[in-house]
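Take a look at the letters that make up each chain.
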Amino acid sequence: MTTVLTPATPLTAADRCDRCNAQAYLRVVLLSGGELLFCAHHGRKFEPELKKIAAEIQDETEKLTATPATAGEDER
């Protein structure tokens with residue numbers, strides 16, 4: 001398995017989990033050529049099985065804990 005550190009195509013809010021339709025934070029490119037999208041919860045839940053069939057896993061779950069930038073006091 002290869003974890004993609006710099007994805008060519010970042011996941012967006014329009015990308016939805018194939019399991020529950022929540023926002024997707026993981027893209028799994030299958031050895032067979034297809035791809036699956038998962039929310040963080042389902043990505044963790046299915047991780048052992050996904051590692052067996054994945055050519056690449058694009059993991060963007062760090063977006064869930066990132067602190068958004070705020071405007072400085074002088075930029076009002």
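Procedures and definitions
- Residues numbered from 1 in each chain as written.
- Predicted model: local features only at pLDDT ≥ 70, side-chain atom pairs only at ≥ 80, totals over all residues.
- Heavy atoms only, no water.
- Helix = DSSP H or I, 4+ residues; strand = E, 2+ residues; numbered from the N terminus.
- Buried < 20%, exposed > 50% of the residue type's maximum accessible area, 1.4 Å probe, protein only.
- Contact = heavy atoms within 4.5 Å.
- Areas by Shrake-Rupley, 256 points an atom, 1.4 Å probe, with all protein chains shown as cover.
- Phe/Tyr/Trp six-rings, centres within 6.5 Å; stacked < 30°, edge-to-face > 60°.

## Considerations on the overall build of the protein
So, point 1. Counting secondary structure elements, the protein contains two helices and four strands.
So, point 2. Expressed as a percentage of the 76 residues in the protein, the buried residues total 28%.
So, point 3. Within the protein, contacts between residues separated by at least 24 positions form 44% of all contacts whose residues are at least 6 apart in sequence.
So, point 4. In the form shown here, the protein has an accessible surface area of approximately 5,400 Å², with 52% of it arising from carbon and sulfur atoms.

## Here we look at the packing of aromatic side chains
The geometry of two aromatic rings is summed up by the distance between their centres and the angle between their planes.
So, point 1. All told, the structure shown has one aromatic pair when counted by the stated rule.
So, point 2. Here Phe38 and Phe46 contribute two aromatic rings whose centre-to-centre distance is 5.9 Å and whose plane-to-plane angle is 50°, an arrangement assigned as tilted.

Without other data, these values stay purely geometric and don't point to any function.
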